[in-house]
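# Observations on the model geometry
Given next are the chains, with one letter for each unit.
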Amino acid sequence: MTSAGLPPAPVSAEQALQRLRDGNARFRQNVRSLDVAVGQAARSALLAGQHPFAIILSCSDSRVPSELVFDQGLGDLFVIRVAGNVVAPSLVGSVEFAAATFGTRLVVVMGHSTCGAIKATLDFIQHQVGAPSENIHDLLDRCRPAVESVVQAAGPGVDKDRLLHEAVRANVRQSCAHLRHGSRLLERLIRDEGMWVVGAEYSLETGQVDFFESQVR
């Protein structure tokens, strides 16, 4: 809430994306913004409600915490984490909930370099390495169409690191497409209310987030 007790002004998708870009730049420079809300005062201010300016659907990997990667504080991001940043009905529902309830107009699907879920999917496709449980198998199945398309396009003898890199990005694109076209609510918000769904990849090596895929240029 603002000092006048009113909710903050709406943040457009374009403004929200720039905030994330700026925050990631600070993160890469090892700089922490003085405006990032933490501590007791921030917790107290958020008791009345939240107004996250971006929705982040990211991998559960412990090395990719969105709040740190984008240098944001309490209440700034609505973060949904799942291995392989896959999209399933409950995850679509989580995005819909934030968009409908808080008016958030930017959704970022963020994968990351050397993703373990994508590696496991490649092993599953190329070497018939099975998953240790039915639930993990279901997770790999959700990644499989995107990863399989990369494997088929690459053909034999392709560099393994390059294949993994392309598979990570294909999986992000697949999740973006699912959100854009698999929800009537999100389709309407994209068409009528300026919502953006953007694909990104976080580099474990450099700390940089590359926003490489969007329906808006």
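In case you missed it, the structure is sitting above this.
Residues numbered from 1 in each chain as written. Predicted model: local features only at pLDDT ≥ 70, side-chain atom pairs only at ≥ 80, totals over all residues. Heavy atoms only, no water.

## Overview of the overall build of the chain
Counting its secondary structure elements, the chain contains eight helices and five strands. Secondary structure elements in the chain, listed N-terminal to C-terminal, are α-α-β-α-β-α-β-α-α-α-α-β-β. Counting only C-alpha atoms and orienting by the principal axes, one finds that the chain spans roughly 60 × 40 × 35 Å. By residue count, 44% of the 217 residues in the chain fall in the buried class. (Helix = DSSP H or I, 4+ residues; strand = E, 2+ residues; numbered from the N terminus. Buried < 20%, exposed > 50% of the residue type's maximum accessible area, 1.4 Å probe, protein only.)

## Details of the nonpolar core
Counting residues in each nonpolar core, the largest one holds 41 residues, and the members touching the most others are Ile-55, Ile-118, Val-147 and Leu-179. When residues of this core are traced back to their parent elements, those giving at least two are strand 1 (54-58), strand 2 (77-81), helix 4 (89-102), strand 3 (106-112), helix 5 (116-127), helix 6 (134-154), helix 7 (160-181) and helix 8 (184-192). In terms of residues, this core owes the most to one element, helix 7, which gives eight residues. (Core = buried A, V, L, I, M, F, W, Y, C linked by side-chain atoms within 4.5 Å.)

## So, the packing of aromatic side chains
The full count for this structure, using the stated rule, is five aromatic pairs. Centre to centre, the rings of Phe-27 and Tyr-202 are 6.5 Å apart; their planes meet at 50°, and the pair counts as tilted. With Phe-27 in helix 1 (residues 13-28) and Tyr-202 in strand 4 (residues 196-202), this pair connects stretches of sequence that are 175 residues apart. Owing to a relative accessible area of 28%, Phe-27 belongs among the partly exposed residues under this scheme. Arranged with centres 5.7 Å apart and planes meeting at 85°, the rings of Phe-97 and Phe-102 form a pair that is edge-to-face. The partly exposed category is assigned to Phe-97, whose relative accessible area is 44%. In this structure Phe-102 comes out as buried when scored by relative accessible area, which is 19%. One aromatic cluster is present, built from ring pairs that chain together Phe-78, Phe-97 and Phe-102. The residue whose ring lies beneath Arg-19 is Phe-53, and the NZ or CZ to ring-centre distance is 4.6 Å. Taking NZ or CZ as reference, Arg-169 lies 4.2 Å from the ring centre of Phe-212, over its face. (Phe/Tyr/Trp six-rings, centres within 6.5 Å; stacked < 30°, edge-to-face > 60°. Lys NZ or Arg CZ within 6 Å of the ring centre and 35° of its normal.)

## Examining the packing of helix 5 against helix 6
Interhelical geometry of helix 5 versus helix 6 gives an angle of 75° and a closest axis separation of 8 Å. When the axes of helix 5 and helix 6 are compared, the pair comes out roughly perpendicular. Contacts between helix 5 and helix 6 involve Ala-117, Ile-118, Ala-120, Thr-121, Leu-122, Phe-124, Ile-125 and Gln-126 on the former and, on the latter, His-137, Leu-140, Asp-141, Cys-143, Arg-144, Val-147, Glu-148 and Val-151. Here the contact of helix 5 with helix 6 is composed, by residue class, of 10 nonpolar, three polar and three charged. (Axes fitted to C-alpha atoms, helices over the stretch in contact; angles between N-to-C directions. Parallel < 35°, antiparallel > 145°, perpendicular 65-115°, else oblique. Contact = heavy atoms within 4.5 Å. Nonpolar A, V, L, I, M, F, W, Y, C, P; charged D, E, K, R; others polar.)

## Some words on the pattern of salt bridges
Applying the stated criterion across every chain, the model contains 12 salt bridges. Across the pair Asp-138 and Arg-142 runs a salt bridge, and its minimum N-O distance is 3.2 Å. With Asp-138 and Arg-142 both in helix 6 and four residues apart, the pair spans about one turn of that helix. Overall, the relative accessible area of 38% leaves Asp-138 in the partly exposed class. (Salt bridge = Lys/Arg side-chain N within 4 Å of Asp/Glu carboxyl O.)

## So, the side chain of Asn-24
Within the element layout of this structure, Asn-24 appears in helix 1. According to the relative accessible area criterion, Asn-24 is buried, its value standing at 2%. Residues in contact with Asn-24, not counting those within four places in the same chain, are Val-69, Phe-70, Gly-207, Gln-208 and Val-209.

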